[in-house]
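Chains, contacts and geometry: an overview
If you want the building blocks of each chain, they are given just below.
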Amino acid sequence: MTNTNTDFDPSSTEQWKLLKAQASRAGDLSIANLLESDPGRAQQMSVAWQGLFFDYSKSLINSSVLGTLFSLAEVSPLASSIKAMVSGEPINRSEGRPVLHSALRNPAKFDFSVDGGNVAELVDKGQAQIKDVSDRIRSGQWLGSSGKQITDVINIGIGGSDLGPKMACRALQQYAHAGVRCHFISNVDGAEINTLLKCLNAETTLVVIVSKTFTTQETLLNAKTALAWLNQQLGLANPESSSHVLGITANRDNALNYGVPGDQIIEFGNWVGGRYSLWSGVGLSIAISVGYDRFVELLDGAKAMDEHFFNTDFSENMPVILALLNIWYNNFLNATSTAVIPYCERLNFLPPYLQQLEMESNGKSVTQNGDDISYRTGGVIWGEPGTNGQHAFFQLLHQGTQLIPVQFIGAAKDTLSSEEHHRILLQNMLAQGAALMKGHSEADTPAHARYPGNRPSTTLLMDELTPFNLGALIALYEHKVFAEGVIWGINSFDQWGVELGKKIARQLAQQDGDSSWDASTAQLLKRVTAS
Ligand code: F6P
């Protein structure tokens with residue numbers, strides 16, 4: 001077994017102490033001066049890799065801070081943890097599971113068994129099913145109960161069973177099939193599914209129930225509503241076993257018990273975390289929308305990023321650099337949030353996707369060994385596409401009192417846009433990065449018009465928003481989150497913090513009107529039940 005050193009406490013390292021000392025002098029750092037005084041900085045603090053260009057030269061760091069950060073990564077168990085992940089060790093210790101989402105993009109590399117099942121074989125089987133189902137739906141061979149072709153697919157799932165496929169379908173809408181639309185229902189708010197169902201024809205609709213566990217309350221209730229609609233519209237006694245329903249899950253038994261026939265279930269391993277699952281059958285709607293070949297390109301982009309992360313020296317390793325910058329801002333410069341601003345409206349679901357990825361993974365306050373942590377871990381991720389954000393919350397980024405590092409993401413070329421629109425879009429992105437850094441405060445500038453500047457940002461420029469580049473971008477963030485988690489000594493792959501609310505919701509459902517609740521909850525419950 002690889003030594004992943006679960007006792008690692010970054011705050012006891014010499015590097016952490018040095019970073020503290022460097023942070024106490026960070027007031028002397030001027031990004032603009034650093035760029036001006038060192039003509040090599042822009043190039044040195046950038047990574048050009050395949051279709052991505054990552055510029056972090058507008059970061060609030062100098063080369064000595066950066067050196068200490070790299071040294072922290074070196075003394076951390078990051079290298080051994082990467083090896084442990086790839087070799088299938090149970091690095092998700094609280095659940096006793098390996099972490100193998102990378103196997104979904106390169107099964108041949110993971111030709112070993114977990115819990116008696118071969119990883120590569122399960123992935124290959126799932127991919128064959130994704131290809132078969134998506135091909136048949138796109139070509140009109142998959143027929144509803146009355147013999148009509150499928151025109152609408154409803155992905156019913158929540159969290160990782162929704163955010164990834166929804167984000168990717170939107171991002172790749174340029175490639176979407178003209179005759180098959182994908183819809184996403186996640187919230188248990190019935191207004192959403194009721195409104196959608198009113199617009200659809202049951203004869204030509206496929207309901208895909210996506211749930212790793214097949215136990216999630218919201219998903220099962222939305223599925224129940226959809227099945228009742230199929231029953232009522234089509235007169236199907238058991239719609240769950242008709243050609244209008246598919247199940248995607250890591251819990252085949254639960255899907256079978258629900259009534260979905262075995263050949264209508266696409267299974268994936270429970271060694272894939274929900275928020276890392278879009279590469280499995282969970283991404284079926286992506287393959288239906290853009291076609292299986294483009295889905296494979298998405299996987300290939302992620303696979304290429306995996307190899308970059310696994311094999312590249314930390315000093316050139318994009319996920320590691322992003323992780324270290326976040327640690328610097330979060331733990332040493334007191335930044336509690338990061339803004340992710342895609343200058344591409346089609347990436348509008350990227351910030352919420354990254355919220356789950358980062359905040360469900362790294363919102364932890366105990367170590368892998370269960371010890372309390374004395375330093376800050378995962379931060380808040382938020383954002384909206386630019387330029388819209390410029391006319392909403394950028395005021396606070398420029399003149400507010402908090403340090404909020406910004407991650408700009410853009411595509412150099414966009415064949416869906418026009419030359420003029422795209423030029424102006426990207427000019428705005430570059431202008432914001434420059435303005436945050438430069439600031440403005442001449443002697444005669446009134447106080448309210450001064451910009452302090454020296455506000456850091458990074459820019460990730462894709463050559464184009466292709467399936468390959470999107471896959472690489474998502475995997476980049478997956479590995480960034482993992483690298484942070486290893487350095488913080490936490491388990492990025494469990495999510496115990498979501499359980500208590502679920503339990504109390506079940507208790508509320510069972511004890512309507514009971515007086516044993518706290519006074520606040522009791523009075524709210526009374527009003528809710530009375531209405
Ligand atoms: O409650 C959180 C969570 O477990 C997420 O981690 C997960 O992505 C989501 O719920 C949905 O879970 P499932 O796919 O099992 O329905």
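What counts as what
- Sequence order as written defines residue numbering, which begins from 1 separately in each chain.
- At least 70 in pLDDT is required for a residue's local features to be given in this predicted model, at least 80 for side-chain atom pairs to be given and counted, and no such filter applies to totals for whole chains, interfaces and linings, which use all residues.
- Side-chain metrics in this entry use all non-hydrogen atoms of the structure; hydrogen atoms and water are not considered.
- When DSSP finds two or more bridges between a pair of strands, those strands are recorded as paired.
- Helix and strand assignments follow DSSP, with helices taken as H or I runs no shorter than four residues and strands as E runs no shorter than two, numbered in order from the N terminus.
- Axis definition: a line fitted to C-alpha atoms, over the contacting stretch in the case of helices. Angles run 0 to 180 degrees between N-to-C directions.
- Contacts are assigned to residue pairs that have any heavy atoms within 4.5 Å of one another.
- Helix span is expected to be 1.5 Å times the residue number reduced by one.
- Polar contacts, as counted here, are pairs of nitrogen or oxygen atoms within 3.5 Å of one another; within protein the pair requires one atom able to donate a hydrogen and one able to accept it, and residues that are adjacent in sequence qualify only if both atoms are side-chain atoms.
- By definition in this entry, angles of less than 35 degrees are roughly parallel, angles greater than 145 are roughly antiparallel, angles of 65 to 115 are roughly perpendicular, and the rest are oblique.
- Here a crossing is called left-handed whenever its near helix is offset anticlockwise from the far helix by less than a right angle, and right-handed whenever the offset is clockwise.
- Residues are sorted three ways: Asp, Glu, Lys and Arg are charged, Ala, Val, Leu, Ile, Met, Phe, Trp, Tyr, Cys and Pro are nonpolar, and all the rest, Gly among them, are polar.
- Start and end points for every domain follow an automatic or database-based domain assignment.
- Each of two parts loses accessible area, computed with a 1.4 Å probe, when they are put together; buried area is these two losses added.
- Put simply, a salt bridge is a Lys or Arg side-chain nitrogen that is within 4 Å of an Asp or Glu carboxyl oxygen.
- Aromatic contacts are taken between Phe, Tyr and Trp rings whose centres are within 6.5 Å, Trp giving its six-membered ring; a plane angle under 30 degrees counts as stacked, one over 60 as edge-to-face, and the others as tilted.
- Residue burial is assigned from relative accessible area. The probe radius is 1.4 Å, only protein chains are included, and a residue is buried under 20% of its type maximum, exposed over 50%, and partly exposed in between.
- The near set for a molecule or strand comprises every residue that places at least one heavy atom within 4 Å of it.
- A 1.4 Å probe that fits into a set of points on a 1 Å grid over the protein atoms alone but cannot get out defines a cavity; an open set with protein on both sides within 12 Å along at least five of seven lines defines a pocket, and lining residues are those with an atom within 4 Å of a point.
- Any molecule with more than half of its atoms within 2 Å of a cavity's or pocket's grid points is regarded as sitting in that cavity or pocket.

1. Let's talk about the sheet that holds strand S9 (residues 265-267)
Judged by pairing direction, the sheet is parallel, and its five strands sit side by side in the order S6-S5-S7-S8-S9 without closing on themselves. Of all strands in the sheet, those with a lone pairing partner are strand S6 (181-185) and S9, marking the two edges. Across this sheet, the average inter-strand angle for adjacent strands is 20°, counted without regard to direction. With three bridges connecting them, strand S8 (residues 245-249) and S9 associate as parallel partners. Directly across from Gly247, in S9, lies its bridge partner Ile265. Sheet strands in contact with helix H8 (residues 190-199) are strand S5 (152-156) and S6, and its direction is about 155° off that of S6.

2. Re helix H17 (residues 467-488)
Over its 22 residues, H17 extends 32 Å from the first C-alpha to the last, a length consistent with the 32 Å expected when each residue adds 1.5 Å. A positive phi of about 75° marks Gly489, the residue just after H17.

3. Concerning the sheet that holds strand S1 (residues 46-49)
If you walk across this open sheet you meet the six strands as S1-S2-S13-S12-S10-S11, and the pairing is mixed. Strands at the two margins of the open sheet, each flanked by one partner only, are S1 and strand S11 (380-382). Strand-to-strand twist across the sheet, computed as the mean angle between neighbouring axes with direction ignored, equals 15°. Sheet topology note: the S1/strand S2 (residues 52-55) ladder contains four bridges and is antiparallel. The residue bridging Val47 from the neighbouring strand is Phe54, located in S2. In this fold helix H16 (residues 419-438) packs onto strand S12 (406-413) and strand S13 (457-464), with an angle of close to 150° to the strand it touches most, S12. Its contacts with the sheet put H17 on S1, S2, strand S10 (337-342), S12 and S13, and the angle it makes with S13 is roughly 155°.

4. Considerations on the environment of Ser46
Positionally, Ser46 belongs in strand S1. Each C-alpha atom of the pair Ser46 and Tyr56 lies 5.8 Å from the other, and the pair is 10 residues apart in sequence. The contact partners of Ser46, leaving out residues within four places of it in the chain, are Phe53, Phe54, Asp55 and Tyr56. At a separation of 2.2 Å, a polar atom in the side chain of Ser46 contacts the main-chain carbonyl oxygen of Ala42.

5. Overview of the packing of helix H1 (residues 14-24) against helix H4 (residues 63-75)
Where H1 contacts H4, the axes come no closer than 9 Å and their chain directions differ by 160°. The angle between H1 and H4 falls in the class roughly antiparallel. By crossing handedness, the relation of H1 to H4 is classed as left-handed. Each of Gln15, Trp16, Leu18, Leu19 and Gln22 in H1 lies in contact with H4, whose residues at this interface are Ser64, Val65, Thr68, Leu69, Ser71, Leu72 and Val75. When its residues are assigned to classes, the contact of H1 with H4 shows seven nonpolar, five polar and no charged.

6. Side note on the domain arrangement of the chain
Under the domain assignment used here, the chain contains domain 1 (10-75 + 312-494), domain 2 (101-295) and domain 3 (499-530). The centre of domain 1, based on its C-alpha atoms, is set 34 Å off from the matching centre of domain 2. Between domain 1 and domain 2, the contact holds 28 residues from the first and 21 residues from the second. Summing both sides of the interface, domain 1 and domain 2 together bury roughly 2,100 Å²; the carbon and sulfur share of this comes to 62%. At the junction of domain 1 with domain 2, the criterion picks out two salt bridges. Among the ionic pairs, Glu478 bridges to Arg105, the shortest N-O distance being 2.7 Å. On the surface where domain 1 and domain 2 come into contact, there are 12 residue pairs in polar contact (both at pLDDT 80 or more). Within the residue set of the side of domain 1 that touches domain 2, elements represented by two or more residues are helix H14 (350-362) and H17. At eight residues, the largest contribution of residues to the side of domain 1 that touches domain 2 is made by H17.

7. Some details on the packing of aromatic side chains
Here the structure, examined in full by the defined rule, presents 14 aromatic pairs. When the ring of Phe309 is compared with that of Phe482, the centres are 6.2 Å apart and the planes differ by 75°; the resulting orientation is edge-to-face. Residue Phe309 is located in helix H12 (residues 292-311), and its partner Phe482 is located in helix H17; the two are separated by 173 residues in the primary sequence. As far as burial versus exposure is concerned, Phe309 and Phe482 are alike and both buried. Between the aromatic rings of Trp382 and Phe393, the centroid separation amounts to 4.9 Å while the plane-to-plane angle is 75°, which identifies the pairing as edge-to-face. Placement of Trp382 in strand S11 and of Phe393 in the loop between S11 and helix H15 (394-399) is noted, with a sequence separation of 11 residues between them.

8. Regarding the site of the ligand
The ligand sits among 14 residues. The nearest are Ser161, Ser211, Lys212, Thr213 and Thr216. Taking Gly160, its main chain carries an N or O atom lying 2.8 Å from an oxygen atom of the ligand. Taking Lys502, its side chain carries an N or O atom lying 2.9 Å from an oxygen atom of the ligand. In this structure the site holding the ligand corresponds to the largest pocket. Among the residues making up the shell around the ligand, the classes are represented as two nonpolar, nine polar and three charged.

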